[in-house]
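# Descriptive structure summary
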Amino acid sequence: MDKQQKIVSMFDNIAKSYDIANRILSFGVDKNWRKKGINLALSTYQKEDIDLIVDVACGTGDMMGFWEKEARKLEIEVAHILGIDPSVGMVDVGKKKFPQFEFKIASATEMGLESDSADIISIAYGIRNVVEREKAFVEFFKTLKSGGLVVILEFTKDRKRGLVSRSRDFYMNKILPILGGMISGNREAYTYLPNSIGDFVSSEEMVAELESVGFETIHNLSFSMGVSSLIIARKGVSDV
Ligand SMILES: C[S@@+](CC[C@H](N)C(=O)[O-])C[C@H]1O[C@@H](n2cnc3c(N)ncnc32)[C@H](O)[C@@H]1O
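Rules and cut-offs
By convention here, each chain's residues receive numbers from 1 onward along its written sequence. Side-chain atom pairs in this predicted model are given and counted only at pLDDT of 80 or more, local residue features only at pLDDT of at least 70, and totals for whole chains, interfaces and linings cover all residues. Side-chain calculation: all heavy atoms of the structure are included, whereas hydrogens and water are not. For each residue, the accessible area found with a 1.4 Å probe, counting protein chains only, is set against the maximum for its type, and the residue is called buried under 20%, exposed over 50%, and partly exposed in between. Elements are defined by DSSP. Helices are runs of H or I of four residues or more, strands are runs of E of two residues or more, and each kind is numbered from the N terminus. In this context, the arc is that of the directions from the helix axis out to the C-beta atoms. Note on definitions: a residue-residue contact is assigned when non-hydrogen atoms from the two residues lie within 4.5 Å. Patch construction takes residues with relative accessible area above 30% that form no salt bridge. Like charges are linked within 9 Å, and nonpolar side chains (Val, Leu, Ile, Met, Phe, Trp, Tyr) are linked within 5 Å. Method for areas: the Shrake-Rupley scheme with a 1.4 Å probe, in which residue coverage is limited to the protein chains shown. By salt bridge we mean one thing: a side-chain nitrogen of Lys or Arg within 4 Å of a carboxyl oxygen of Asp or Glu. In this analysis a 1.4 Å probe is tested at points of a 1 Å grid over the protein atoms alone, and where it fits but cannot get out there is a cavity; an open set with protein on both sides within 12 Å along at least five of seven lines is a pocket; lining residues have an atom within 4 Å of a point. Grid points are joined across faces, edges and corners, and a volume is the space filled by probe spheres set on the points. Polarity classes work like this: nonpolar for Ala, Val, Leu, Ile, Met, Phe, Trp, Tyr, Cys and Pro, charged for Asp, Glu, Lys and Arg, and polar for all others, with Gly in that last group. Throughout, the term near means that a residue has one or more heavy atoms lying within 4 Å of the molecule or strand in question. Counting of polar contacts relies on pairs of N or O atoms within 3.5 Å, with two restrictions inside protein: one atom must be capable of donating a hydrogen and the other of accepting it, and residues adjacent in sequence are counted only when both atoms are side-chain atoms. Strands qualify as paired when DSSP identifies two bridges or more between them. Axes here mean lines fitted to C-alpha atoms, for a helix over just the part in contact, with angles spanning 0 to 180 degrees between N-to-C directions.

Moving on: helix α8 (residues 203–212). Those residues of α8 lying buried are Ser203, Met206, Val207 and Leu210. Burial along α8 is one-sided: seen end-on, the buried residues are contained in an arc of 105°. The inward-facing, buried residues of α8 contact α5 (133–143), β5 (144–154), β6 (215–223) and β7 (228–235). Taken from the residues just after α8, Gly214 is the one with a positive phi, measuring 120°.

See the structure below:
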């Protein structure tokens, strides 16, 4: 099994306890980060009718639920919300929670969607798990309409190393593997999470990667004093 297959099979194994573990381990604050990201993206996009939002690495579908709710509050019509993820286990949970949405088993690197078809592509706490990240960014760029947005939420590596980021690392390295292991019965998976953040790029490095495939950065923000990052980038109108 290669590295990517191992990651996906780890998510297959923890799929059933993923939602409850996620809510407990993040103290529920991830909901606010998701809503803020979505609202900023919708206000940046400025369209009242949206054909297609693709949520990549959709897992059990929470982000898709937030897209639907937040768009409705703003009276924005979204014709189609599609979730993409290579983990059958995660998607099976998502399908039961959200029967109104379409899901597809595929990788971020090969989504199999038409070029220039998506208005918005989001990926929440997923890009860290995509081994061939640049290939995924090229795929996102190809799939987006001109003027379309990519919205990335992620725990990026913090280069400033302040008190909050050190506390986050302590929580993630020492406490989360134990709690996550207890909830899911899979300690290995919850040891992978902090390790994958430690090995991951900073948000500035990710912005540079996005720009190198043609994206134009609109927002690069962090929430809760650097715990979570939000990047919103656009496929420029001149890039058609
Ligand atoms: C931490 S979960 C996040 C799930 C969901 N987005 C959320 O916010 O709860 C990471 C997800 O990334 C998915 N994943 C792993 N490798 C991937 C790939 N190459 N392409 C797309 N998704 C991938 C996993 O299957 C898993 O569902």
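The next thing to look at is a nonpolar patch on the surface. A cluster of nonpolar side chains, contributed by Phe170, Ile175, Ile178, Leu179 and Met182, occupies part of the molecular surface with about 470 Å² of accessible area. Looking at the element boundaries, Met182 is found in helix α6 (residues 163–184). Classification of Met182 as exposed rests on a relative accessible area of 61%.

By volume, the second largest pocket amounts to about 460 Å³. Residue lining of the second largest pocket: 20 residues in total, with Lys3, Ile7, Arg128, Tyr192 and Ser196 positioned closest to the centre. Every element with two or more residues in the lining of the second largest pocket is listed here: α1 (3–25) and α7 (187–198). Considering each element in turn, the lining of the second largest pocket owes the most residues, 6 residues, to α1. By residue class, the composition of the lining of the second largest pocket is 9 nonpolar, 5 polar and 6 charged.

What follows deals with the site of the ligand. In the vicinity of the ligand there are 18 residues, among which Arg34, Ala57, Asp85, Ala108 and Ala124 approach most closely. Within the side chain of Gln4, an N or O atom sits 3.0 Å from a nitrogen atom of the ligand. With respect to the ligand, the side chain of Ser107 contributes an N or O atom lying 3.2 Å from a nitrogen atom. Within the complex, 98% of the 600 Å² of free accessible area of the ligand lies under protein.

Bringing the sheet that holds strand β1 (residues 49–56) into the picture now. Reading across the sheet, the 7 strands line up as β3-β2-β1-β4-β5-β7-β6 and stay open at both edges, with mixed pairing between neighbours. Only two strands of the sheet have a single partner each, and these edge strands are β3 (102–104) and β6. Averaged over all adjacent pairs, the angle separating strand axes in this sheet is 20°, with direction ignored. Bridging between strand β2 (residues 77–84) and β3 involves 3 bridges; their strand directions are parallel. The residue of β3 that forms the bridge with Leu82 is Glu102.

Next up on the list: the pairing of strand β4 (residues 118–124). In terms of burial, β4 is a largely internal element, 7 of the 7 residues being buried. In the sheet, β1 pairs with β4 via 4 bridges, with the strands oriented parallel. Across the sheet, Ile53 pairs through a bridge with Ile120, a residue of β4. Of the pairings in the sheet, the one linking β4 to β5 comprises 6 bridges and is parallel in character. Pairing of Ala118 across the sheet is with Leu144, part of β5.

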